[in-house]
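Observations on the model geometry
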Amino acid sequence: MKRQADSPATLRVCVCTSYSVGAEPRAPRHALAIAALEPGIEVTFVECVPEGARVEKYDPFAGCANIRRETYRFAHRGVGKMRLAGGKLLRLAYRLLFRFFGYLHPGALNTRFLGFGRFLGRIEADVYLAHNVETLLPALQAAQKYGSLAMFDSMEFHSDMGESQNPMDREIVARIERRCLPQCALVLASSDEMADALSAAYGIRRPLALYNVPPIDSHQHHCDHEGVSLYWRNAVLGFGQRGLQDAMAALTKLPEDVVLHLQGRLPLDGGVELREKIHALGITQRVFLHAPYSPPDAVRIAAHYCMGLCLEHGGIRNHELTVSNKMFDYLMGGLVVIASDLPGLRGVIERSGGGLCFEPGNAVDLAEKILELKNNLPLRLQLASNARVFALQTANREMEMARFRHAFFQAAHPPREVGTPLASA
């Protein structure tokens, strides 16, 4: 759709995510970076929130007059049960259409996205920047509707996410990415390894790798005391491919003055299985559970501890290629990082000189690395110093967002002939 020459907006951008504003860190920071790029840019930020849930008080856009926040509501078990039941039948229908005819609809992945495309299609923009694979196809379709540009942030290797993803979901995701990514004006990735893998898998120009880094922060840990505090953070404190069980098993092989702090939401059972496991291992007095943190406090909280743990298991392309934002919070906080020896994590350890790698899933090797650092204070202090320097000089949001703004500007400007449609999806 052609914009009038006297329009007050120099560029209208829609940034969308399949999560709430506080649950997905990359989308809000991209919206803020775009809004600050030049005068006159208008940004619409679209988040997804269950029906009946309160919109989060956390508002990263406070004071930004050119960012408008829109909330897409979806039915769930607590509210809209009848609509959810109908949605499940429709999701099944979309899955059958995909299986027999190759028809793609994001609702085939999750009922929450059955109406997302219609919602997004009502927002006219010059650029649509999608986050999380469920929003990719709707964003491209909205871009086609208005003759606009589509962009995508591939923060995960979405077609191989491990135990949470069944074979049909992997196939649907791979088909969506294969169809949509070549039509995106800009693709972002969460690591260099991820960028290389996406380029090879889909034959696209190498995505821009942007790590999930925090802003420069003054909080820093000084690990110059006898005891050692280990820190592991995750969205949910559960067992599985994120490796929490390895940290607990390692703790049983370490001296009593080594303690473990865990931060995140309790699983659906309220933490019953977790507490039973802690009790069975005899480490009740050495494991401390903490409620989820507020995103702006990530580094400040991490800086209370000595060593940050990244414990992902191998055999899953996403875990092998991506790098969790907690690793960079650890580095900024001056923690020594102990990470699984997987390509994405190892790359950051090698670049930063801020920690050690251990064999993924091997609690004995993990305990040996922790003990090595506990008994070698000069090494621990050197690695912690390296971590902090790397974060301040390289792995910080200010540096990464400068790279993002440059890439976004190059992709969005100069404007192509307005009204020229994208190739059909």
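Since the structure is predicted, the reported quantities are computational estimates derived from the model, not experimental observations.

Secondary structure assignment for the protein yields 15 helices and 13 strands. Computed over C-alpha atoms, the radius of gyration of the protein comes to 22 Å, within 12% of the 22 Å expected from 2.2 N^0.38 for 425 residues, which places it in the range of a compact globule. Across its three principal axes, the protein shows a C-alpha extent of roughly 70 × 45 × 40 Å. Relative to its full complement of 425 residues, the protein shows a buried share of 54%. Summed over all atoms, the accessible surface of the protein reaches about 18300 Å², with 54% contributed by carbon and sulfur. The averaged location of the 44 negative side-chain charges in the protein is 7 Å from the averaged location of its 47 positive side-chain charges.

Next up on the list: the sheet that holds strand S9 (residues 258-265). Here six strands make up an open sheet; going across it, the order is S10-S9-S8-S11-S12-S13 and the pairing parallel. Of all strands in the sheet, those with a lone pairing partner are strand S10 (287-290) and strand S13 (355-358), marking the two edges. Across the sheet, the mean angle separating the axes of adjacent strands is 25° when strand polarity is ignored. For strand S12 (residues 336-340) and S13, the ladder comprises four bridges, and the chain directions are parallel. Considered in S13, the bridge of Ile-338 is made with Leu-356. In the packing of helix H12 (residues 343-352) onto the sheet, contacts are made with strand S11 (307-310), S12 and S13, and the angle to S12 comes to roughly 150°.

Quick look at the environment of His-76 now. Relative to the assigned elements, His-76 resides in the loop between strand S3 (67-74) and helix H2 (81-101). According to the relative accessible area criterion, His-76 is partly exposed, its value standing at 26%. Sequence separation between His-76 and Arg-112 is 36 residues; the distance between their C-alpha atoms is 7.9 Å. Apart from the residues lying within four places of it in its own chain, the contact partners of His-76 are Pro-50, Glu-51, Lys-81 and Leu-84.

Further remarks concern the packing of aromatic side chains. Any pair of aromatic rings gets described here by the distance separating the centres and the angle formed by the planes. Taken as a whole and assessed by the stated rule, the structure comprises nine aromatic pairs. In this structure an aromatic cluster arises from ring pairing among Tyr-72, Phe-113, Phe-116 and Phe-119. Directly above the aromatic system of Phe-157 lies the positively charged group of Arg-317, at a separation of 4.5 Å from the ring centroid.

For the rest of this paragraph, the subject is the confidence of the model for the protein. In the predicted model, the protein carries a mean pLDDT of 90, and 93% of its residues have values of at least 70. Mean pLDDT across the secondary structure elements of the protein bottoms out at H2, with 86, and peaks at S13, with 98. Note on residues 416-425: pLDDT under 50 across the span, and 22 contacts to partners over four residues away in sequence or across chains.

Sheet strands pair via backbone hydrogen bonds, and the direction of the pair is either parallel or antiparallel. Overall, parallel pairing links the seven strands, which are arranged S3-S2-S1-S4-S5-S6-S7 in an open sheet. The sheet terminates laterally at S3 and strand S7 (208-209), the two strands that pair on one side only. Here strand S4 (residues 127-131) pairs with strand S5 (residues 149-154) via five bridges, running parallel. Its bridge partner lying in S5, Ala-130 is registered against Phe-152. Each of strand S1 (11-17), S4 and S5 is contacted by helix H4 (residues 136-146), which is oriented at about 175° to S4, the strand it contacts most.

Before going further, it helps to examine the pattern of salt bridges. Evaluated as defined, the whole model comprises 21 salt bridges. The partner of Asp-153 in a salt bridge is Arg-26, with the nearest N and O atoms 2.6 Å apart. Taken together, the positions of Asp-153 in strand S5 and Arg-26 in helix H1 (residues 26-35) put the pair 127 residues apart, joining distant regions of the chain. Exposure class is identical for Asp-153 and Arg-26. Each is buried.

The rules behind each value
- Residues numbered from 1 in each chain as written.
- Predicted model: local features only at pLDDT ≥ 70, side-chain atom pairs only at ≥ 80, totals over all residues.
- Heavy atoms only, no water.
- Helix = DSSP H or I, 4+ residues; strand = E, 2+ residues; numbered from the N terminus.
- Rg over C-alpha atoms; globule rule 2.2 N^0.38 Å.
- Buried < 20%, exposed > 50% of the residue type's maximum accessible area, 1.4 Å probe, protein only.
- Areas by Shrake-Rupley, 256 points an atom, 1.4 Å probe, with all protein chains shown as cover.
- Lys, Arg positive; Asp, Glu negative; His and termini not counted.
- Charge placed at Lys NZ, Arg CZ, Asp CG, Glu CD.
- Pairing = 2+ DSSP bridges.
- Axes fitted to C-alpha atoms, helices over the stretch in contact; angles between N-to-C directions.
- Contact = heavy atoms within 4.5 Å.
- Phe/Tyr/Trp six-rings, centres within 6.5 Å; stacked < 30°, edge-to-face > 60°.
- Lys NZ or Arg CZ within 6 Å of the ring centre and 35° of its normal.
- pLDDT = per-residue confidence, 0-100.
- Salt bridge = Lys/Arg side-chain N within 4 Å of Asp/Glu carboxyl O.

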